[in-house]
Amino acid sequence: MLPNLRSNEELLKEIENLSGQRIIDCYQCGECTAGCPVAFAMEPVPNQAIRLLQLGYIDEVLKSSGIWLCASCNVCGERCPRGVDYGKIADALRTINLRNNNYPLVLEKIDKEFINQAPQQAFIAAFRKLTT
Ligand code: SF4
Ligand code: SF4
């Protein structure tokens, strides 16, 4: 259960405090998703994630794979007519997960053959972003 049985209201406040964004300001125009270079692989895509947060499905977004795929490129924030930067929201969601020891990359679970072949820089970058 994520994270520690806190209420949705408290979680939403924490996401807004960490990200500096007002989630309620989003009016679902979809500009963020239209410009996101990794939206094709994200689940949920940026505007869907924000809508889920607005509706109180915070745990679903925290557990989603999409927040880990965000490349923090800031395109969504630049395109948003309401001044909402989803990249910062995704960053806050990852931070909450990491603080609760919920992270997707576990060294012991990575295939050994893959470890031998992948570039070291990829591992360093991935561990910086995906672990505590
Ligand atoms: S910051 Fe993340 S969500 Fe926003 S456009 Fe870039 S990759 Fe997509
Ligand atoms: S661009 Fe801004 S207002 Fe439009 S859906 Fe994305 S976050 Fe919401």
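All chains use their own residue numbering, which begins from 1 and follows the written sequence. Starting at A for chains and at 1 for ligands, labels are handed out in the order in which the entities are written. Reporting in this predicted model follows two pLDDT cut-offs: at least 70 for local features of residues, and 80 or more for side-chain atom pairs to be given and counted; totals over whole chains, interfaces and linings ignore these cut-offs and use all residues. Water and hydrogen atoms play no part in the side-chain values, which are based on all heavy atoms of the structure.

## What about the pattern of salt bridges?
(1) Moving on: Any carboxyl oxygen of Asp or Glu that lies within 4 Å of a side-chain nitrogen of Lys or Arg is treated as forming a salt bridge with it. One pass over the full model with this rule turns up six salt bridges.
(2) Moving on: Residue arginine 82 pairs with aspartate 25 through a salt bridge whose shortest N-O separation is 4.0 Å. Of this pair, arginine 82 sits in the loop between α6 (75-79) and α7 (86-99) while aspartate 25 sits in the loop between α1 (8-19) and α2 (31-35); the two residues are 57 residues apart in sequence, bridging distant segments of the chain.
(3) Moving on: On the basis of relative accessibility, which here comes to 17%, the residue aspartate 25 falls in the buried class.
(4) Moving on: It is possible to trace a salt-bridge network through shared partners that takes in Arg22, Asp25 and Arg82. Only runs of H or I of at least four residues qualify as helices and only runs of E of at least two qualify as strands under DSSP, and these elements are numbered from the N terminus. Partly exposed residues are those whose accessible area sits between 20% and 50% of the maximum for their type, while under 20% is buried and over 50% is exposed, using a 1.4 Å probe and protein chains only.

## Description of the site of ligand 2
(1) Moving on: One heavy atom within 4 Å of a molecule or strand is enough for the residue carrying it to be called near that molecule or strand. Taken together, the neighbourhood of ligand 2 is formed by 13 residues, with Cys26, Cys29, Gly30, Cys32 and Cys80 sitting nearest.
(2) Moving on: In this classification, the charged set is Asp, Glu, Lys and Arg, the nonpolar set is Ala, Val, Leu, Ile, Met, Phe, Trp, Tyr, Cys and Pro, and all remaining amino acids, among them Gly, are polar. Grouping the constituent residues of the shell around ligand 2 by class yields eight nonpolar, three polar and two charged.

## Points about the packing of aromatic side chains
Here a ring pair, both rings aromatic, is described through the centre-centre distance and the interplanar angle of the planes.
(1) Moving on: In this analysis, rings of Phe, Tyr and Trp, with Trp reduced to its six-membered ring, are considered paired at centre separations within 6.5 Å, and the interplanar angle assigns stacked below 30 degrees, edge-to-face beyond 60, and tilted for intermediate values. Tallied over the full model, the rule gives zero aromatic pairs.
(2) Moving on: Sitting over a ring, as applied to charges here, requires NZ of Lys or CZ of Arg to be within 6 Å of the ring centre and within 35 degrees of the ring normal. Against the face of tyrosine 27 rests arginine 82, its NZ or CZ located 5.5 Å from the ring centre.

## Focus on the side chain of serine 19
(1) Moving on: Structurally, serine 19 is set in helix α1.
(2) Moving on: Any pair of nitrogen or oxygen atoms within 3.5 Å is treated as a polar contact; in protein, a donor-acceptor pairing is required on top of that, and neighbouring residues in sequence qualify only through side-chain atoms on both sides. A polar atom in the side chain of serine 19 sits 2.7 Å from the backbone oxygen of isoleucine 15.
(3) Moving on: For serine 19, the contacting residues outside a window of four places in its chain are Lys88, Ile89 and Ala92. Residues are treated as being in contact if the distance between any of their heavy atoms lies within 4.5 Å.

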